[in-house]
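Architecture at a glance
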Amino acid sequence: MLGHSHGGHSIAYVSNVIPSKIASATAISSPLKGSPVADLLISVQGTPLEQPLVGLSNFGSKAIVWAQQQNPNSLPHDALGAGKSLSQAGSTAFAQKYPLGMPKTSCGEGLAKENGIYFYSFSGNSTLTNVLDPDSLLAATGLLMQAPNDNDGLVSRCSAKYGKTIRDNYNWNHLDAINQLLGLRSIFAPDPVDVYRQHANRLKLQGL
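Any space left empty among the atoms is revealed by the rolling of a water-sized probe across them. By volume, the second largest pocket amounts to about 410 Å³. Lining the second largest pocket are 22 residues, and of these Leu 32, Lys 33, Gly 34, Thr 92 and Ser 106 lie nearest its centre. Here the lining of the second largest pocket gets 5 residues from one element, more than from any other, and that element is helix H5 (residues 88-97). Taken together, the residues of the lining of the second largest pocket sort by class into 10 nonpolar, 10 polar and 2 charged.

Here it is in structure tokens:
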């Protein structure tokens, strides 16, 4: 299993609930220790800023789905619900309930293999990677992070660690990690498609 962003929580949940059916779980730029951006989002609940910020977040979510050539209205978009799950408090509670692969320290790695499952993660630590890319807005959200020079615009390098870290400093922002938007990225950044192919070969060589 591979999970990007909030998908990291999904694969962590499944790994803990049905471990006998899971061979490996890889989190990609996932805020498994939470994101200050999510904390900011839920902090506006009940204030005049709630509607514009929640609306902007839901719009961004729909844009990503559209970029994946899917119907953006096919599933509900709940920015506040996601924010609570991805907040630092929400992610801490989640990790305590579903601990497999989770690091025990603030910036450490989790176990590479636990309960028969191989755990991996990789992430970027850049925010502005291509000025022509609409996701350049991540340069602004990156300034909200506790480590403003060590995150991908939404997720810090330390928060993205899960199992064995393959690499945590790709020249990617949060959406570059899945080749979005429009496949634009820094000319000096590795092609995400190549990174995924290498990881598939890594798993294959392990017999997974």
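What follows concerns the state of the cysteines. One pass over the full model with this rule turns up 1 disulfide. Each sulfur in the disulfide pair Cys 107 and Cys 158 lies 1.9 Å from the other. On the sign convention where negative is left-handed, the bridge of Cys 107 and Cys 158, at about -75° about the S-S bond, is left-handed. Highlighted residues: Cys 107 in the loop between H5 and strand E3 (113-114) and Cys 158 in the loop between helix H6 (138-141) and strand E5 (164-170), separated in sequence by 51 residues.

For Ser 35, the position within the fold is in the loop between strand E2 (24-28) and helix H2 (36-43). The exposure class assigned to Ser 35 is buried, which follows from its relative accessible area of 4%. Within the structure, Ser 35 has its side chain in polar contact with the backbone oxygen of Leu 154 (distance 2.5 Å). What Ser 35 contacts, discounting residues up to four positions off in sequence, is Leu 86, Ser 87, Gln 88, Met 145 and Leu 154.

Turning our eyes to something else, we now look at the pattern of salt bridges. The full count for this structure, using the stated rule, is 5 salt bridges. Of the charged contacts, one joins Lys 161 and Asp 168 as a salt bridge, the two residues approaching to 2.9 Å between their closest N and O atoms. Its relative accessible area of 7% is what places Lys 161 among the buried residues. Connected via shared salt-bridge partners are Asp 150, Arg 157, Lys 161 and Asp 168.

A separate point is helix H7 (residues 192-205). Helix length check: H7, at 14 residues, gives a terminal C-alpha distance of 20 Å against a target of 20 Å (1.5 Å per residue), a fit within 8%. For H7, the complete set of buried residues consists of Pro 192, Val 195, His 199 and Leu 203. One side of H7 carries all its buried residues, which in axial view fall inside an arc of 75°. Along H7, the residues that are exposed and aim more than 90 degrees away from the buried face are Lys 204 and Leu 205. In this fold, the buried residues of H7 make contact with strand E1 (2-4), E2, strand E4 (117-124) and E5.

Let us look at the confidence of the model for the protein chain. Chain-level statistics for the protein chain give a pLDDT mean of 85 and a share of 81% at 70 or above. At the low end of the mean pLDDT range in the protein chain sits helix H3 (residues 50-67), at 56; at the high end sits E2, at 98.

Within the largest apolar cluster, 13 residues are counted, with the highest numbers of intra-cluster contacts made by Met 102, Phe 119 and Tyr 162. Leaving out residues up to four positions away in the same chain, Phe 119 has contacts with Ser 15, Ala 25, Leu 100, Gly 101, Leu 111, Ala 112, Glu 114, Tyr 162, Gly 163 and Lys 164. Core analysis: the second largest hydrophobic core is formed by 7 residues, Phe 122, Trp 172, Ala 189 and Val 195 among them.

Cut-offs applied
Residues numbered from 1 in each chain as written. Predicted model: local features only at pLDDT ≥ 70, side-chain atom pairs only at ≥ 80, totals over all residues. Heavy atoms only, no water. 1 Å grid on protein atoms, 1.4 Å probe; cavity = no way out; pocket = protein on both sides within 12 Å on 5 of 7 lines; lining within 4 Å. Points joined across faces, edges and corners; volume = space filled by probe spheres on them. Helix = DSSP H or I, 4+ residues; strand = E, 2+ residues; numbered from the N terminus. Nonpolar A, V, L, I, M, F, W, Y, C, P; charged D, E, K, R; others polar. Disulfide = S-S within 2.5 Å. Buried < 20%, exposed > 50% of the residue type's maximum accessible area, 1.4 Å probe, protein only. Polar contact = N/O pair within 3.5 Å; in protein donor to acceptor, adjacent residues only side chain to side chain. Contact = heavy atoms within 4.5 Å. Salt bridge = Lys/Arg side-chain N within 4 Å of Asp/Glu carboxyl O. Expected span 1.5 Å × (residues − 1). Arc of directions from axis to C-beta. pLDDT = per-residue confidence, 0-100. Core = buried A, V, L, I, M, F, W, Y, C linked by side-chain atoms within 4.5 Å.

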